[in-house]
Amino acid sequence: MTTHLAATRQERLRARRRRGSLLARVGANRWSYVYLAPFTLLVAMFTIYPIIASLGYTLYQWNGIGSPTRYVGLQNFARVVHDPVQLLLALVLALVLNNPRLRFSTFYRAVYFIPAVISAAIIGVVFQLMLSNFGDSLSAALLRLHVIQRPVDWLGDPHAVLWIVIGIGIWNTLGYNLVYFLAGLQTIPAELYEAARIDGARAAAQFWHVTVPGLREIGMIILFLAVLYSLQVFDLVQVLTGGGPYYASEVVNTYIYHQAFGAGSFSGGGGGTLVQPNVGFASAASFFYGVLLLVITGVQALALRRIRQRRQQGARP
Amino acid sequence: MSVATGVRSARLWRPRLNRRWLPVHAVLLAAGFVWVYPFLWAVGGSLRSQAGFIDEGLSLLPRELDWQNYVDAWTGASFSTYFLNSVVITACTVTGTLLLTSMAGYALARSSFPGKRIFLVVTVITLFLPRGYTIVPVYDLITRLHLLDTLWSVVVVQVAGGMVFNTFLFMGYFITIARELDEAAQVDGAGFNRIYWYVMLPLARPMIATLGLFSFISSWNDFFTPLVFTLGQPQLRTLPVGLYAFVSQTSTNWTALCAGSIITLAPIVLVFVFAQRHIIDAVAGAVKG
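(A) Structural view of the overall build of chain A. Looking only at helices and strands, chain A features 15 helices and 0 strands. Classification of the 317 residues of chain A by burial places 37% in the buried group. Across chain A, every contact between residues at least 6 apart in sequence was considered, and the portion connecting residues at least 24 apart equals 71%.

(B) Spotlight on the overall build of chain B. Secondary structure summary: chain B contains 15 helices and 0 strands in total. Over its C-alpha trace chain B gives a radius of gyration of 25 Å, far above what one expects of a compact globule, namely 19 Å for 289 residues. Its C-alpha atoms put chain B at 80 × 75 × 35 Å along the principal axes. Across the 289 residues in chain B, those meeting the buried criterion constitute 39%. Within chain B, residue pairs in contact and separated by at least 24 positions form 70% of the contacts whose partners lie at least 6 positions apart.

(C) Main features of the nonpolar core. Residue and element names in this part refer to chain A. Counting residues in hydrophobic clusters, the biggest one holds 136 residues, and the most contacted among them are L178, V179, L236 and A285. When residues of this core are assigned to domains, at least three map to each of domain 1 (2-60) and domain 2 (69-315). Not counting residues up to four positions away in its chain, the partners in contact with L178 are A90, L93, A94, R109, Y112 and F113.

(D) Representation of helix 14 (residues 239-249) of chain B in the model. Taken across its 11 residues, helix 14 of chain B has 9 buried, putting it largely inside the fold. Residues of helix 14 of chain B that are buried: L239, P240, V241, G242, L243, Y244, A245, F246 and V247 of chain B.

(E) Representation of unusual backbone geometry in the model. All names here are of chain B. Residue H146 is not a glycine yet carries a positive backbone phi of 60°. Using a count of 10 C-beta atoms within 10 Å as the deciding quantity, one classes H146 as exposed. Notably, D149 is not glycine yet its phi reads approximately 65°, a positive angle.

(F) Fine view of the interface of chain B and chain A. With 76 residues of chain B at the contact, the number on the chain A side is 85 residues. Per-element accounting of the side of chain B that touches chain A gives the leading share, 15 residues, to helix 15 (residues 254-288) of chain B. Within the side of chain B that touches chain A, the residues separate by chemical class into 53 nonpolar, 16 polar and 7 charged.

(G) Region of the structure containing the confidence of the model for chain A. Residue and element names in this part refer to chain A. On average, residues of chain A score 77 in pLDDT, and 77% of them reach the 70 mark or higher. Mean pLDDT values for the elements of chain A range from 50 in helix 4 (residues 68-73) up to 91 in helix 7 (residues 105-113). Counting contacts from residues 264-275, a segment whose pLDDT is below 50, to residues more than four positions away or on other chains yields 45 contacts.

(H) Layout of the environment of N177 of chain A. All names here are of chain A. The residue N177 is located in helix 10 (residues 158-186) in this model. Take N177: there are 26 C-beta atoms within 10 Å of it, and that puts it in the buried class. Through-space distance from the C-alpha of N177 to that of R306 is 23 Å; in sequence the pair is 129 residues apart. What N177 contacts, discounting residues up to four positions off in sequence, is Q86, L87, A90, I222 and A226.

Cut-offs applied
Residues numbered from 1 in each chain as written. Chains lettered and ligands numbered in written order. Predicted model: local features only at pLDDT ≥ 70, side-chain atom pairs only at ≥ 80, totals over all residues. Helix = DSSP H or I, 4+ residues; strand = E, 2+ residues; numbered from the N terminus. Buried ≥ 20, exposed ≤ 12 C-beta atoms within 10 Å, placed from the backbone. Contact = placed C-beta atoms within 7 Å. Rg over C-alpha atoms; globule rule 2.2 N^0.38 Å. Core = buried A, V, L, I, M, F, W, Y, C linked by C-beta atoms within 7 Å. Domains from an automatic or database assignment. Nonpolar A, V, L, I, M, F, W, Y, C, P; charged D, E, K, R; others polar. pLDDT = per-residue confidence, 0-100.

Structure representation (structure tokens):
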């Protein structure tokens, strides 16, 4: 981006020397402004204005009762826990599928990717039905196998629900991380493996000394995206549990939605929580959460830069 | 000679499955089957009778086929209306996104108008600001624009949501196109508009295909935006919102719920089957680039 901006500045200077007055240059580029008008209008109205306005709501409409930061902090971070599990699974699968001697790997890649292109609404409905306890259900099967002692109400049990939602979350988005890791593995030059083999490195040594260093940078980006994604989850939780039962699976986004638009009669599965709309409070929670996300993004970007710098220093003799 | 036959025999030998790989394939196939099991089960469930649905539990194949569920969902639960709404919204969002972002990307790639630098800086900043937490002011804005209770509310919010990212992708693509092409067109007397329409857009076909696919998938699957704007208006609901509403409306008609899920899922799965390589390669490219 910076090189592009620099190029733009040079272009500008050149153009200024050529054409002279500002007005003439604006006139000469009038069509550019026309082409950018819809973009500018939409971004200003739906991206920039809402950010400023939500700050306004926070300052003027939130009566100060309640603690928006409380919900921003604790529970939904439990969801981030699922990232390492998912990333590890995705990495193992990617290592298997990346082997050039494995046939049909494109087919397998597509199969494992499918849940990622399916709407959360469908996933919510299908899993609610699969996990419900009528007839020959999952509970009945596990009872027969003596895995559990009594039927479990998977989405209605406050202790089980968060883990179920996390498990479904792993299944849902694994495809993205699989494809990211595959892309990362393909950026490692084959010659490095060749050289390692010639030096007598076995598979494990090749993995630790070629694959892991080769994946460090792209792995950080993948982790970065995964954390941001799981902190912004809404759809899956809303359709599976509506945040219930008793707030057990509430995440920031479902919380904000319930505060802003109310909930109660309307919620899927495990029963929602009755909340009166409280727009100021919702805005305060969104605002604090937005700032928190921005900080997390910044920290991660800094970490990424450190790794890059260290790598460049290491590359120097 | 010997080299040539060596290559040929290698090629002949390769397509055969190496026996050493069979266990790997067995594991991958079994896990893949488990992976897509929920969808296969939903297909089975949508074809069961209601009694069969309870008896047969998590088994895959229905003992007796019952197509009535699709009729129940399509007419009884108004999935025909939801389907039409989804089609209209997705078509408008995809067209709007492609047109507006390619226009903006073209202008940014090809002209150095006064104010371009500050424009780019502000736009880049918005990319890093967290979105999705501003639904309250957006709802307020849509109300004041008198777009509430229309399908346009969803279209406008979706198009606006994809604006910055897609514009940057188009801009990047147009920058890679050789300037000689526009200069040749200029010599032939084509202006800014004609170059966009007759030179740049046809050349951007691969980018249009990729972004079209992604905005189709995200618009069709979108849950949050249509939930906020159409949940209270049954005649405006999209398929995902309609499905969500159907869960709470029916407490017993699970087979029709499965049928509704399949109706919602079918267009995406069709597109995915035909374009999976393109879609997955584009996802991979996002992290590589």
